[in-house]
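Structural characterization, general
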Amino acid sequence: MSLSLRRTLAVFYKECKDATKNKLIIMVFFMFPVLSFLFKYIMPETETRVALPMFTNMNIIMVPIILMSTIIAEEKEKGTLRVLIMSNVQPMEYLIGIGFFVFIIAVISTALFLITNNIETTYIFLFLATSLSGIICSILIGAIIGLITKNQMSTGPLSGIIAMVLGMVPMFANMNNSIRNYSKYLYSQSVFDILFRIKDEFTLEKFTVIGVNALIFLIIFYFIYKRKKLAD
Amino acid sequence: MENAIEINNVSKQFDDVLALSKVNLRVANGEIFGLLGPSGAGKTTTIKILTGQLKATSGVAKIFNKNTEELTDKEYSKIGMVLDYPGLYERLSCYDNLIMFAQIYNIDKKHIYEVLEKVQLSDAIKKTASSLSKGMKQRLVLARAVLHSPELLFLDEPTSGIDPATAEKIHELIFELRNEGTTVFLTTHNMEEATRMCDNIALLNKGVVVEYGSPEDICRQHNKENKITITFRDKSTVTLKNNKENAGIISRYFEEDKVLAIHSSEPNLETVFIELTGRSLK
């Protein structure tokens, strides 16, 4: 059965309409940009130098993981996913439709940091390229969690823990070199390093780490998808 | 007449539970077929096998002459389903719940208004699904199931837990669909619903089909006592065996102008089911 753009877009449009009424999506979308604005105007500049890239990084890590996994879990739990699958929507069409929606939300949300982080025009492309690659890694992780969990109850803690660990590790690595020895292989560390010192840290090595992470998540996603599809 | 559904020797085993045992059924095109049985009899399992959601452990189930394990876009586009739960997007309006499926099936948006009119939900078009009553939700689910004018409609307990007035509306809609040529496969544990609506039924108990045929034929076949109940003008009743010996007595009652009504006391599906299985349908 071939993939249909029409059905994929139907899923995407549905999610867009639902987003305006879904408190979780609205809250997650604004959480880190709002925190970032508050920090920027409340805290002294010395404090915000690390905090703002940290919030940006957490936004890139947490928003896609939490949204992707929770949307899938909610649809599994409420039976809407089964109705969709029985209505001829392919599991992959559904995942692409939802993934595309989460990607758009995460990109818009991350773009708000262009204002708070005072990114120079020359580095906007690097900022966006790093953010987009990080978001893709996070979407894949969210999709994996959505595939393996059965409902929102089981998804919430798992996606929360994974997103927190990935998002917080760069902060701890800043204080502890032994953690950094391991975290340097994580995409979240590379994304943070680039966002923190965008002029110096946008290296091939960092970008390779993000690429390899994305590839690993894609392979894991592929095998889990092949085995489980979207079975509840 | 061609069959829309054929089930040949289908069995389904879940771990140590045999949910279906060598079930054989035929549903002709354009008929309303009822699968009747108490909770846990295997009704939903049968629907899941027929719609490709479950694989049979053994045997073959076919819809439109195609094995249900090999259903494609083509067959799915001819099927409508009301499952055992609504599966509605609670935060979206009735219209938005349907427009998504109109896009999936590539149907003109105008058809949404027609279908909502059909299920009498035109006034609730902008209401969110979460604000609808249970009966209205069920009608919206039905609207979603028939949006693409399916040839075969599966209804899993369509009127379960719904008030009689809404159930009546749903029955009318099912008749209307049948008159338009849709084959309807419904499961229910409501014997009155089955008797009234179905052309043919199968009684299912613990995964085994214990009786199959039209509701009238089944009741007639099990009318072993063959009795007649006479209601007199003074509202009293008498039940007599329907035989030659009692013919004279009955004729005398008529001559004396005592009879208000006379009817055969055939069993209903509930009593047939109890007779066959020793348990109630409910």
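Nothing here was measured: the structure is a model prediction, and the numbers come from that model.

1. Remarks on the overall build of chain B
Looking only at helices and strands, chain B has ten helices and 13 strands in total. Its C-alpha atoms give chain B principal-axis dimensions of about 70 × 45 × 35 Å. When the 282 residues of chain B are sorted by exposure, 50% land in the buried category. Nonlocal contacts in chain B, meaning residues at least 24 apart in sequence, comprise 66% of its contacts between residues at least 6 apart. Of the side chains in chain B, 35 bear a positive and 39 a negative charge, and the two mean positions are spaced by 3 Å.

2. Some thoughts on the packing of aromatic side chains
Residue and element names in this part refer to chain A. Under the counting rule described, the total for this entry stands at 14 aromatic pairs over all chains. Between Phe 39 and Phe 55, the aromatic rings sit 5.1 Å apart at their centres with planes inclined by 80 degrees, giving edge-to-face as the arrangement. Linking Phe 39 in helix α2 (residues 23-42) with Phe 55 in helix α3 (residues 45-78), this pair joins segments that are 16 residues apart in sequence. The buried category is assigned to Phe 55, whose relative accessible area is 11%. Between Tyr 187 and Phe 217 the ring centres are 5.8 Å apart and the planes differ by 80 degrees, which places this aromatic pair in the edge-to-face class. Of this pair, Tyr 187 sits in helix α10 (residues 187-196) while Phe 217 sits in helix α12 (residues 204-228); the two residues are 30 residues apart in sequence, bridging distant segments of the chain.

3. A closer look at the interface of chain A and chain B
Taken together, the 24 residues of chain A in the interface contact 27 residues of chain B. Summed over both partners, the interface of chain A with chain B comes to about 2400 Å²; 58% of that surface belongs to carbon and sulfur atoms. The largest share of the area that chain A buries against chain B comes from Arg82(A), Val83(A) and Met86(A), three residues that together contribute 27% of it. For the interface between chain A and chain B, the tally reads five salt bridges. Note that Arg7(A) is salt-bridged to Asp73(B), the shortest N-O span being 3.5 Å. Across the contact surface, chain A and chain B share ten residue pairs in polar contact (both at pLDDT 80 or more). At the level of elements, α1 (5-19), α3 and α4 (80-86) of chain A are the ones that each hand at least two residues to the side of chain A that touches chain B.

4. Digging into the sheet that holds strand β2 (residues 17-28) of chain B
Within a sheet, each strand pairs with its neighbour through backbone hydrogen bonds, oriented either parallel or antiparallel. All names here are of chain B. What the four strands build is an open sheet, ordered β2-β1-β4-β5; its pairing is antiparallel. A strand with exactly one partner marks an edge of an open sheet, and here the two such strands are β2 and β5 (66-67). As paired elements, strand β1 (residues 3-14) and β2 share eight bridges and run antiparallel to each other. Across the sheet, Lys 12 pairs through a bridge with Leu 20, a residue of β2. Of the strands in this sheet, β1, β2 and β4 (58-63) touch helix α1 (residues 43-50), which is tilted by about 115 degrees from β1.

5. Structural notes on the domain arrangement of chain B
On domain assignment, one finds that chain B holds domain 1 (1-78 + 152-163 + 181-223 + 269-282), domain 2 (87-149) and domain 3 (224-265). Placing a centre on the C-alpha atoms of domain 1 of chain B and another on those of domain 3 of chain B gives a separation of 38 Å.

6. Here's the deal with the environment of Arg196(B)
Residues and elements named next belong to chain B. Position of Arg 196 among the secondary structure elements: in helix α7 (residues 191-197). Here the alpha-carbon distance between Arg 196 and Val 209, two residues 13 residues apart in the chain, equals 20 Å. Setting aside its immediate chain neighbours within four residues, Arg 196 contacts Glu 168, His 171 and Phe 175. Side-chain polar atoms of Arg 196 contact the side chain of His 171, separated by 3.1 Å.

7. Brief notes about the nonpolar core
Counting 145 residues, the largest nonpolar core has Tyr94(A), Leu95(A), Tyr187(A), Ile5(B), Leu140(B), Phe154(B) and Phe185(B) as its most contacted members. Sort the elements by how many residues they give to this core and α3(A) lands first, with 14 residues. Counting the residues that make up this core, at least three belong to each of domain 1 (1-78 + 152-163 + 181-223 + 269-282) and domain 2 (87-149) of chain B. Grouped together as the second largest cluster of nonpolar side chains are seven residues, Ile230(B), Phe232(B), Leu240(B) and Val259(B) included.

8. A look at the pairing of strand β10 (residues 208-213) of chain B
Residue and element names in this part refer to chain B. Across five bridges, the pairing between strand β9 (residues 200-205) and β10 is antiparallel. Bridge assignment links Leu 203 to a residue of β10, and that residue is Glu 211. Between the antiparallel neighbours β9 and β10 lie two residues, among them Lys 206 with a positive phi of about 50 degrees.

9. Observations regarding the sheet that holds β10(B)
All names here are of chain B. Read from one edge of the open sheet, six strands run β6-β7-β8-β3-β9-β10, paired in mixed fashion. Two strands close off the open sheet at either side, each with one partner strand: β6 (79-82) and β10. For this sheet, the mean inter-axis angle between neighbouring strands, taken without regard to orientation, is 15 degrees. Across four bridges, the pairing between strand β3 (residues 32-36) and β9 is parallel. Paired with Leu 36 across the strands is Leu 203, a residue of β9. Helix α6 (residues 164-179) rests against β3, β7 (152-156) and β8 (183-188) of the sheet, and its axis sits at about 135 degrees to β3.

10. A short note on the packing of helix α7 (residues 124-148) of chain A against α10(A)
Residue and element names in this part refer to chain A. α10 packs onto α7 with a crossing angle of 160 degrees between their chain directions and a minimal axis gap of 10 Å. Comparing the axis directions of α7 and α10 gives the class roughly antiparallel. Between α7 and α10 the crossing geometry is left-handed. Within the contact between the two elements, α7 uses Phe 127, Thr 130, Ser 131, Gly 134, Cys 137, Ser 138 and Ile 141 and α10 uses Tyr 187, Val 191, Ile 194 and Leu 195.

11. Quick look at the pattern of salt bridges
A complete count under the given rule lists 19 salt bridges over all chains for this structure. Arg91(B) is the salt-bridge partner of Asp18(A), the closest N and O atoms lying 2.7 Å from each other. Placement of the pair is Asp18(A) in helix α1 and Arg91(B) in the loop between β6 and α3 (94-105), with the two residues belonging to separate chains. With a closest N to O distance of 3.4 Å, Glu90(B) and Lys137(B) form a salt bridge. You can see Glu90(B) sitting in the loop between β6 and α3 and its partner Lys137(B) sitting in helix α5 (residues 134-146), a full 47 residues away along the chain. Taking the relative accessible area as the measure of exposure, Glu90(B) reaches 25% and is therefore partly exposed.

Reading the values: rules and limits
- One numbering rule holds for all chains: residues counted from 1, following each sequence as written.
- Whichever chain is written first becomes A and whichever ligand is written first becomes 1, with later ones labelled in order.
- Totals for whole chains, interfaces and linings use every residue, but because this is a predicted model, local features are given only for residues with pLDDT of at least 70 and side-chain atom pairs only at 80 or more, for both listing and counting.
- As a rule here, side-chain values cover all heavy atoms of the structure and leave hydrogens and water aside.
- Secondary structure follows DSSP: runs of H or I at least 4 residues long count as helices, runs of E at least 2 residues long count as strands, and numbering of each begins at the N terminus.
- Here's how the labels work: a residue is buried when its accessible area is under 20% of the maximum for its type, exposed when over 50%, partly exposed in between, all with a 1.4 Å probe on protein chains only.
- Throughout, a contact is declared for two residues whenever any of their heavy atoms are within 4.5 Å.
- Charged residues are defined narrowly, with Lys and Arg counted positive, Asp and Glu counted negative, and His plus the chain ends left uncounted.
- For this purpose, a charge sits on NZ of Lys, CZ of Arg, CG of Asp or CD of Glu.
- Two rings belonging to Phe, Tyr or Trp (six-membered ring only in the last case) form a pair when the distance between their centres is within 6.5 Å. Interplanar angles under 30 degrees mark stacking, angles over 60 mark edge-to-face geometry, and anything in between is tilted.
- Here the quantity called buried area is the accessible surface, traced with a 1.4 Å probe, that two parts lose on coming together, added over both.
- Here, a salt bridge means any Lys or Arg side-chain nitrogen found within 4 Å of an Asp or Glu carboxyl oxygen.
- Here a polar contact is recorded for every N or O atom pair within 3.5 Å, except that within protein the pair must consist of a potential hydrogen donor and a potential acceptor, and residues adjacent in sequence are included only if both atoms are side-chain atoms.
- Only when DSSP finds a minimum of two bridges between them are two strands counted as paired.
- Lines fitted to C-alpha atoms define the axes here, with helix axes fitted over just the stretch in contact, and angles between the N-to-C directions of these axes take values from 0 to 180 degrees.
- For the domain bounds, the source is a domain assignment made automatically or taken from a database.
- Note on terminology: a nonpolar core comprises buried Ala, Val, Leu, Ile, Met, Phe, Trp, Tyr and Cys residues joined through side-chain atoms within 4.5 Å.
- Oblique is the label for every angle not falling under 35 degrees (roughly parallel), over 145 degrees (roughly antiparallel), or within 65 to 115 degrees (roughly perpendicular).
- By definition, turning the near helix anticlockwise from the far helix through less than a right angle yields a left-handed crossing, and turning it clockwise yields a right-handed one.

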